[in-house]
Amino acid sequence: MNKKIGAITIGQSPRNDLIPEIESYFRGAEILQMGALDGLDKSEIQKLAPDTDDTVLVSKLRDNSWAVMGERKVIPLLQKCADTLSSQKVSLIVMFCTGKFPDVLRADVPIIYPQKLIYNIVPVLADGKRIGIMNPEAAQTEQCIRNWGTASDKIIVTDLNPYDPNADIEGAASIMMKNHADIILLDCIGYTRRMKSQIEELTGKPVILPRTLIARIVGELLE
């Protein structure tokens, strides 16, 4: 019998922009998707906007727009997702967000946080070189510098919203080049393979895409 994977997005499911790109890594496992914002209307989502001192999160909505949320307000909704998926007998749960969540969610199965893997793997791959980091919102820049400062002292940060069809990819790539990034991390699950290829072509630098990196690691657990 095939294994089942719980997939939690901090936005709304299904993530048709994400799962089709990575499901081949999951070795035929059934993927059960849930979103923290499933069932919420626009006014309810707006109430989740981050307070001044909260961690900023960004994710996709079902209508292809995006929401900006405060981490503290979203965590109870994520716990509900974890509870439901645990009751459906999944083998593990993957949090499809690269945010640095506190270790507060509980489930009867392992919960895989991409951030914990990325913060350990990327500095090793960079091997002391300068890491360029792209994240969705300018409001995340300060927290990105603060969080990544614990993993590397050679970072460059800029914003590029993966959910905005008018996002300036060339401009973000130019900032990476001007600041001499040696390796680039697209620090959001929303970035696609196409964006990775575009930025590699524009910069000539290796680019790490979290959605495929995490999918490969999860695939190892399912073998």
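Structure first, text after, so check above.
Model, not experiment: these values are computed from the prediction.

A. Spatial organisation of the packing of aromatic side chains. Within this structure, the stated rule accounts for two aromatic pairs. Pairing Phe 101 with Tyr 113 gives two aromatic rings, centres 6.4 Å apart and planes at 40°, and the pair type is tilted. Taken together, the positions of Phe 101 in the loop between β5 (92-95) and β6 (111-112) and Tyr 113 in the loop between β6 and α4 (114-126) put the pair 12 residues apart, joining distant regions of the chain. Across the pair, exposure class does not vary: Phe 101 and Tyr 113 are buried alike.

B. Geometry of the sheet that holds β6. Pairing is parallel in the open sheet, where four strands are placed in the order β2-β1-β5-β6. Looking at which strands have only one partner, the edges of the open sheet turn out to be β2 (30-35) and β6. Strand direction decides the pairing type here: β5 and β6, joined by two bridges, are parallel. Each residue of the ladder has a partner; that of Ile 93, found in β6, is Ile 111. Along the sheet, helix α3 (residues 71-87) makes contact with β1 (4-9), β2 and β5, crossing β1 at roughly 165°. Relative to the sheet, helix α8 (residues 210-222) contacts β1, β5 and β6, its axis offset from that of β5 by approximately 175°.

So, how was this worked out
Residues numbered from 1 in each chain as written. Predicted model: local features only at pLDDT ≥ 70, side-chain atom pairs only at ≥ 80, totals over all residues. Heavy atoms only, no water. Phe/Tyr/Trp six-rings, centres within 6.5 Å; stacked < 30°, edge-to-face > 60°. Helix = DSSP H or I, 4+ residues; strand = E, 2+ residues; numbered from the N terminus. Buried < 20%, exposed > 50% of the residue type's maximum accessible area, 1.4 Å probe, protein only. Pairing = 2+ DSSP bridges. Contact = heavy atoms within 4.5 Å. Axes fitted to C-alpha atoms, helices over the stretch in contact; angles between N-to-C directions.

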